[in-house]
Amino acid sequence: MRLSISHTTRYAYDQPVPYALQQLRVTPKSGHGQAVHNWTVTVEGGQKEASFEDQHHNIVDLISFAPGTTQIAVHCSGVVEVEENHGVIGQHGGYMPMWMFLRETDVTKAGPMVRKLVSGVDGEPGSLGWMHALSAAIHGAVAYETGRSEVGWTTEDVLSAGHGVCQDHAHVFIACCRHMGIPARYVSGYLMMNDRIEQEATHAWAEANVDGLGWVGFDVSNGISPDTRYVRAATGLDYAEAAPVSGTRFGTAGETLTVQVQVQQQ
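Cut-off values and rules
Per chain, residue numbering runs from 1 following the sequence as it is written. Confidence filtering applies because this is a predicted model: local features only for residues at pLDDT of at least 70, side-chain atom pairs given and counted only at 80 or more, and all residues used for totals across whole chains, interfaces and linings. Note that water and hydrogens are dropped before the side-chain values are worked out from all heavy atoms of the structure. Here the nonpolar core consists of buried residues drawn from Ala, Val, Leu, Ile, Met, Phe, Trp, Tyr and Cys, with membership extended through side-chain atoms lying within 4.5 Å. Relative accessibility thresholds used throughout: buried, under 20% of the residue-type maximum; exposed, over 50%; partly exposed, between the two (1.4 Å probe, protein chains only). In DSSP terms, a helix is any run of H or I states spanning at least four residues, a strand is any run of E spanning at least two, and both are numbered starting from the N terminus. The rule for pairing is simple: two strands pair if DSSP sees at least two bridges between them. Note on definitions: angles span 0 to 180 degrees between N-to-C directions of axes, and those axes are lines fitted to C-alpha atoms, for helices only across the stretch in contact. Angles below 35 degrees are treated as roughly parallel, those above 145 as roughly antiparallel, those between 65 and 115 as roughly perpendicular, and all remaining angles as oblique. Contacts between residues were defined by any pair of non-hydrogen atoms, one from each residue, lying within 4.5 Å. Residues are grouped as follows: Ala, Val, Leu, Ile, Met, Phe, Trp, Tyr, Cys and Pro are nonpolar; Asp, Glu, Lys and Arg are charged; all remaining types, including Gly, are polar. Domain boundaries shown here were taken from an automatic or database domain assignment. Two parts placed together each lose some accessible area under a 1.4 Å probe, and adding up what both lose gives the buried area. One side-chain nitrogen of Lys or Arg within 4 Å of one carboxyl oxygen of Asp or Glu is enough to make a salt bridge.

Peer 1: Before we go on, may I ask you to explain the nonpolar core in this structure?
Peer 2: Nonpolar side chains tend toward joint burial in soluble globular proteins. With 33 residues, the main nonpolar core has Trp130, Met131, Leu134, Ile138, Phe173 and Cys177 as its most contacted residues. In terms of residues, this core owes the most to one element, helix α4 (residues 166-179), which gives 8 residues. Ranked by size, the runner-up nonpolar core spans 25 residues in total, among them Leu3, Leu24, Val82 and Ala233.

So, in structure tokens, the structure goes:
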């Protein structure tokens, strides 16, 4: 399936910002069942300083703000063709050794609620069937609700609240896998919705390493493995390493953020 994607992130500040830098991980990568036919990134209110590939093979654009700016917008768009692979990405490659994907991060530490959830999952841990059962268990324990989640929530926070968004679902899945000795990672990207073109955010899911298959994707929020509607943009140990936009700025200006995403079949 060939997908046309448009993604705009706008920041407005209530006073001039003296200096800021941001990292963008919004560019899909060709390979593993997807081919990028074209992709552009433009910046209003700033400029692109450099582009590089990070430790996860993510394409990163470093942008700076124009001194004293009160508004900045980042536009990216392009066309990506995706093959049906039933969520299977394949064998591991790249700079990061597999054991790194077993390492806990601040937001993916396994606490008592993670251990309790995992103990109730049927099947052989690490098997494909067990992964799908884990995804279903998380979906049942954490209701998908927008507007009621915090970026810094840990997996224990999410399970305690009993609700969250795709980011939270992915973090819980990753924490459960790593607790059982299964390498897992976070994925950010784009999803073509069946009922709309306009969206207010990008999407996120998780991947786990399954013997004989390699990396396999699991979208807990939708209860499936990614299909031809999904475009992978970045991977990491958690959200912080795969976030579409991250960075730092000086000053005390208040910030308003708006995101517009369009994904449709070309």
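Peer 1: Would you explain the sheet that holds strand β2 (residues 20-27) in this entry?
Peer 2: Hydrogen bonds between backbone atoms are what pair the strands of a sheet, whose relative direction is either parallel or antiparallel. The strand order across the open sheet formed by 4 strands is β4-β5-β2-β15, and the pairing between neighbours is antiparallel. Two strands bound the open sheet, and with one partner strand each, they are β4 (46-53) and β15 (245-249). Going across the sheet, the axis of each strand differs from the next one's by a mean of 20 degrees, ignoring polarity. The pairing of β2 with strand β5 (residues 59-65) spans 5 bridges and is antiparallel. Paired with Leu24 across the bridge in β5 is Asp61.

Peer 1: Help me out: how do you make sense of the packing of helix α1 (residues 112-119) against α4 in this one?
Peer 2: Packed helices, taken two at a time, are described by their axes: the angle between them and the distance between them. Between α1 and α4, the least distance of the axes is 10 Å, while the angle of their chain directions is 75 degrees. By the angle class used here, α1 and α4 are roughly perpendicular. Residues Val114, Arg115, Leu117 and Val118 of α1 form the contact with α4, whose participating residues are Val172, Ala175, Cys176 and His179. Residues belonging to the contact of α1 with α4 are distributed by class as follows: 6 nonpolar, 1 polar and 1 charged.

Peer 1: Explain the domain arrangement of the protein chain here, please?
Peer 2: Accessible area lost upon the coming together of the parts is a frequently used measure of interface size. Under the domain assignment used here, the protein chain contains domain 1 (2-82 + 245-265) and domain 2 (88-236). Computed over C-alpha atoms, the centres of domain 1 and domain 2 are 24 Å apart. Contacts between the two partners involve 27 residues from domain 1 and, on the opposite side, 24 residues from domain 2. Taking both partners together, domain 1 and domain 2 bury about 2,200 Å²; carbon and sulfur atoms supply 58% of that area. Linking domain 1 with domain 2 are 0 salt bridges, by the criterion used here.

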